[in-house]
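This is what each chain is made of:
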Amino acid sequence: MEQSPRHPEQALPPAWHTLGPDEVWQRLDSSERGLSAAEALRRLAAQGPNSLPVARRSSALRRLLGQFHNLLIYVLLAAAAITAALDDWLDTAVILGVVLINAVIGFVQEGKAERALEAVNAMLARHATVWRDGRRLEIDAADLVAGDVVWLESGARVPADLRLWRVNNLGIDEAALTGESVPVDKSTDAVAQAAALGDRSGMAYAGTVVTQGQASGVVVAIGSDTELGRIGQLVSSVPSLVTPLTRRLDQFARQITFAILVVSGLVFWYGSQIGERPVLDIFLAVVGLAVSAIPEGLPAIVTITLAIGTSAMAKRRAVVRRLPAVETLGSVGVICTDKTGTLTKNEMTAVGLHLAGETIEVSGAGYAPQGGFSVGEQIVNPSQQPGLMRLVRCALLCNDAQLHADEDGAWTLAGDPTEGALLTLANKAGLTHEQAERESPRIAAIPFESEHRFMATLHRDASGQVFALLKGAPEQVIGFCTQDVNGKALDADEWRARVRAAAGQGQRVLALADTVLPPGTDTLTMADITPRFTLLGLVGLMDPARPEAVAAVAECQRAGIRVLMITGDHAATAAAIGVGIGLHGGKPLTGAEIDTLDDVALRQRLGETDVVARASPEHKLRLVASLQASGQLVAMTGDGVNDAPALKAADIGVAMGQRGTDAARQAADLVLTDDNFASIAAAVREGRCVFDNIKKALLFIIPTNGGEAGIILLAVFAGLAMPITAGQILWVNMVTSITLDIAIAFEPEEAGVMQRAPRPPREPLITRLLLMRIVYVSVLMVGACIWLYQWELGRGSSLEVVRTAVVNMLVISQVTYLFNVRQFTASALRWATLFGNPVAVGAVGITLVLQSLLIYAPPMQQLFGTAALDLASWGFILALAGAIFLAVEAEKALLRRRGVQRM
């Protein structure tokens, strides 16, 4: 509903679309001559400029410091402080590098809402043509005030909300505000107060674009009081959501921080009070415990995994603007998608010809002249159908559009989309515009105007016969027809019933007719358009579904993801498209119905249909909120400024790159460069792979940390000498972080990734099954290391050799466990495990080289207190590592037997 302009002198009604022009003049104290210059200045001082408020942005320093306000970052900084205290400057630098990388990423990506507001503001026109003191002037659009009379013409951007009072064949593209797929014909008529934004024919809204005709309108709202400004306020009022991954990592950080503090305190108390160890020794043991338990490599692995997913999505035409969005898309349970251009081609297409006595189906989609004609299963040859050829000739000649094929074979339209569809129809029948114009050149024409809702052209063929062609709204054209193409008296009621039936299938219907005029006629006027025409038939047109979108919707549904189509189109059109792409149409939910429902009723109604029509920005926000309140993670697609609030409110916003507005793109987390729903499905697949790899990284990193911590705990409670030093623990963590951990980020997707239901939104990062695997592997590693420790001591090895063997046991067991963890439950006993990820093989090679340097290079021996190992030690280490590998495979086999596929 329009807002009252900021005019302190009057209490103006907000529903301008319900008032006639005369009442509008009276209410605004204005006239057709416009305001005087003095009155305009006075109102400008009272109302303020016609611009949107600029949001106050946080300072760069404040935004940067805010990136460090995260518990996991605090844990990492503590780890850096500990490693610095141990003079391990290399590991300190690595950890601080991870912290800085995360901070820079967050710093660059923050401010999405502010940029979205700036983009909305950029949609306002810069200049406006107005009448003041009875003269036509061009002024800065910011100086417009309520009561100004504005002139609009083709190509102009509407500078403020206007009540139209004079219209000449005016068409306005309102897609950015309403999502309507075709320009809207405008008039001066008042409409009901409950009329949807796209049905207010007497209004022109700020930010929309004039596609044809001219008009004059009086300004009724400026700046933030316009529909565009109201959407900007919605964007600024929508809080930024925390992504599921961020929420899970925060929860994990709190859990692990609490666990480290509690266990460290207990160990220090036990070692110093019960074990009666020297305070310095037990303190160093606690430091080693804390260092071993902190997964300092996890943020880096998460960032790298997300970055790899971002690169993979870009190859699938999905550009990620915010790294966590990669994983979020893989978690969604509902995708709310626009129709036009996303599920459909955004190219009007003739799909049916309704002739006298029969209906012919037309195949092919878009402007490419590919397709044919059929009745049921029977192919129709158009050249053998005189009535059909007569109709398509009319569609071709009574037409002002042009189609061109570029070098890549793509067809582009210059002109009205409906006329473009008629050109393609004629091309499919073997007629070309050039040939038809040569045979029957145009002599005169009556252009389409919204007042009479038809177009007529006059032609003369090679024999000298003069004929007129008529194309337009069925209710108008049928009224001028007296017979059908077979010469029978026209049954107008029957044809109107066929129009209603086609419209009920979501088709936009045009009627075509012709008549012969006296020889020598060379002009065509409205007086010639009388009831003497022959009705050639009806053409049903639709914006057809993309074939790849139909397959992608089916893939999402198999993956347990609900697809909800939200469009600005009328309910019948939306329902027909929805059913055609495999959605549950039912009775479509409309914006007007949403206004009458409370939250509970809305949730119930949403369960009955997958199609929402005539939805406003507030409706989209309510739909997102309702779905989220029912526990769903929601992805929202959009391209217009009207979509920006919902894009920001959704768990992940997906904007269109080709036809999307800057406001939509900057409010979104993901931008599709091809505007294709199939790219969303591909991105969902990649997002699921990314999250799987993050969980695999956890499965890999935490058992190692758990094994290291378990070794220290067992040594303290058993009164043993430390089997491993803090410096050696850091070596293990550093080596695996730069090699084995990173290899997991390159894992390809597992089989069946799109055949499983989405993860519950509140599912913790560490699930019960994941925790069981972590504890199981940690126990195996601790057991193997302590067994090796005792074995080396038993054969008289020095403490340096014992500790070197334990360090080597940890690293080699991680190498073998890497091949276990590449599949959650699938067997690793196959060639694909070894060769499916070349990065993993390379990482193992690098790890073994680095580990050899630790064991045999004298400088490393001196730095880390290690010693050379003999063949016996190596043999026992490899045997234990092999046993761990087989033990994990046995546990995976048990899970497979129970039907578990993911953890």
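Keep in mind that this is a model prediction, so the values were computed, not measured.

**Thoughts on the pairing of strand S15 (residues 411-414)**
Okay, step 1: Sheet analysis places strand S14 (residues 402-405) next to S15, joined by four bridges and oriented antiparallel. Of the residues in S15, the one forming a bridge with Leu403 is Leu413.
Okay, step 2: Counted between consecutive antiparallel strands, the loop separating S14 from S15 contains five residues, among which Gly409 sits at a positive phi close to 85 degrees.

**Observations concerning the sheet that holds strand S26 (residues 652-656)**
Okay, step 1: The eight strands lie next to each other as S8-S27-S26-S25-S9-S22-S24-S23, forming an open sheet whose pairing is mixed. Looking along the sheet, the strands with just one partner apiece sit at the ends: strand S8 (318-320) and strand S23 (589-590).
Okay, step 2: Pairing of strand S25 (residues 634-638) with S26, which is carried by four bridges, proceeds in the parallel orientation. Bridged to Met636 within S26 is Gly653.
Okay, step 3: Each of strand S22 (562-567), S23 and strand S24 (611-613) is contacted by helix H19 (residues 571-580), which is oriented at about 155 degrees to S24, the strand it contacts most.

**Describing the side chain of Thr457**
Okay, step 1: Among the secondary structure elements, Thr457 is positioned in strand S17 (residues 454-460).
Okay, step 2: Within the structure, Thr457 has its side chain in polar contact with the side chain of His459 (distance 2.8 Å).
Okay, step 3: Those residues in contact with Thr457 that sit more than four places away from it in its chain are Leu397, Cys398, Arg442, Ala444, Ala445, Phe467, Ala468, Leu469 and Leu524.

**Some details on the nonpolar core**
Most often, soluble globular proteins keep nonpolar side chains buried together rather than apart.
Okay, step 1: Counting residues in hydrophobic clusters, the biggest one holds 124 residues, and the most contacted among them are Ile335, Leu670, Phe677, Trp731 and Met809.
Okay, step 2: Here this core gets 19 residues from one element, more than from any other, and that element is helix H25 (residues 677-718).
Okay, step 3: Discounting residues that sit within four places of it in the chain, Trp731 has contacts with Val807, Leu850, Gln851, Leu854, Met860 and Phe864.
Okay, step 4: Core analysis: the second largest hydrophobic core is formed by 36 residues, Tyr367, Leu403, Leu422 and Leu469 among them.

**Some remarks on the packing of aromatic side chains**
Okay, step 1: This model, assessed by the stated rule, comprises eight aromatic pairs.
Okay, step 2: Between Phe700 and Tyr817 the ring centres are 6.0 Å apart and the planes differ by 10 degrees, which places this aromatic pair in the stacked class. Of the two residues, Phe700 sits in helix H25 while Tyr817 sits in helix H29 (residues 799-821), which places them 117 residues apart along the sequence.
Okay, step 3: Owing to a relative accessible area of 0%, Phe700 belongs among the buried residues under this scheme.
Okay, step 4: Judged by its relative accessible area of 0%, Tyr817 is buried.
Okay, step 5: A cation over a ring is seen here: Lys696 above Phe824, with NZ or CZ 5.2 Å from the ring centre.

**A short note on helix H1 (residues 21-28)**
Okay, step 1: Residues Val24, Trp25 and Leu28 constitute the buried set of H1. Projected onto a plane normal to the axis of H1, the buried residues spread over an arc of 100 degrees and lie on a single side. Of the exposed residues in H1, the ones pointing more than 90 degrees away from its buried face are Asp22 and Gln26.
Okay, step 2: Where H1 is buried, its residues touch helix H2 (37-47), strand S3 (149-153), strand S4 (161-173) and strand S7 (209-221).
Okay, step 3: Immediately beyond the C-terminal end of H1, within one or two residues, lies Asp29, with a positive phi of roughly 55 degrees.

**Points about the environment of Trp495**
Okay, step 1: Note on placement: Trp495 falls in helix H17 (residues 492-504).
Okay, step 2: For Trp495, a relative accessible area of 4% puts it in the buried group.
Okay, step 3: Distance from Trp495 to His354, taken between C-alpha atoms, is 9.1 Å for residues 141 residues apart in sequence.
Okay, step 4: Excluding anything up to four places from it in sequence, Trp495 contacts His354, Leu355, Ala356, Ile478, Leu490, Leu535, Gly537 and Leu538.

**Comments concerning a nonpolar patch on the surface**
Okay, step 1: Side chains of Trp831, Leu834, Phe835 and Val841 sit close together on the surface and give an oily, nonpolar patch of about 460 Å² of accessible area.
Okay, step 2: Sorting elements by how many residues they give to the nonpolar patch places helix H30 (residues 831-835) first, with three residues.
Okay, step 3: Given a relative accessible area of 67%, Trp831 falls into the exposed group.

**Topic: unusual backbone geometry**
Okay, step 1: The phi torsion at Arg317 lies on the positive side, around 70 degrees, for a residue other than glycine.
Okay, step 2: Note that Arg317 resides in the loop between helix H11 (298-315) and S8.
Okay, step 3: With relative accessibility at 48%, the residue Arg317 sits in the partly exposed group.
Okay, step 4: Within the chain, Asp675 stands out as a residue other than glycine whose phi angle is a positive 55 degrees.
Okay, step 5: Judged by its relative accessible area of 2%, Asp675 is buried.

**Considerations on the confidence of the model for the chain**
Okay, step 1: In the predicted model, the chain carries a mean pLDDT of 85, and 88% of its residues have values of at least 70.
Okay, step 2: Mean pLDDT in the chain bottoms out at helix H6 (residues 112-122), which sits at 44, and peaks at strand S18 (residues 466-472), which reaches 97.
Okay, step 3: Between residues 116-121, whose pLDDT stays under 50, and residues either more than four places distant or in other chains, the model counts 19 contacts.

**Focus on the side chain of Glu555**
Okay, step 1: You can see Glu555 is positioned in helix H18 (residues 547-558).
Okay, step 2: Not counting chain neighbours up to four residues away, the residues in contact with Glu555 comprise Ala681, Arg685 and Met754.

**Structural notes on H19**
Okay, step 1: Within the span of H19, buried status applies to Ala574, Ala575, Ile577 and Gly578. In an axial view of H19, the angular spread of the buried residues amounts to 170 degrees, which keeps them on one side of the axis. Projecting away from the buried face of H19 at angles above 90 degrees are the exposed residues Val579 and Gly580.
Okay, step 2: Close packing links the buried residues of H19 with strand S21 (533-542), S22 and S24.

Thresholds applied
- Residues numbered from 1 in each chain as written.
- Predicted model: local features only at pLDDT ≥ 70, side-chain atom pairs only at ≥ 80, totals over all residues.
- Heavy atoms only, no water.
- Pairing = 2+ DSSP bridges.
- Helix = DSSP H or I, 4+ residues; strand = E, 2+ residues; numbered from the N terminus.
- Contact = heavy atoms within 4.5 Å.
- Axes fitted to C-alpha atoms, helices over the stretch in contact; angles between N-to-C directions.
- Polar contact = N/O pair within 3.5 Å; in protein donor to acceptor, adjacent residues only side chain to side chain.
- Core = buried A, V, L, I, M, F, W, Y, C linked by side-chain atoms within 4.5 Å.
- Buried < 20%, exposed > 50% of the residue type's maximum accessible area, 1.4 Å probe, protein only.
- Phe/Tyr/Trp six-rings, centres within 6.5 Å; stacked < 30°, edge-to-face > 60°.
- Lys NZ or Arg CZ within 6 Å of the ring centre and 35° of its normal.
- Arc of directions from axis to C-beta.
- Patch = residues over 30% accessible without salt bridge, like charges linked within 9 Å, V, L, I, M, F, W, Y side chains within 5 Å.
- Areas by Shrake-Rupley, 256 points an atom, 1.4 Å probe, with all protein chains shown as cover.
- Salt bridge = Lys/Arg side-chain N within 4 Å of Asp/Glu carboxyl O.
- pLDDT = per-residue confidence, 0-100.

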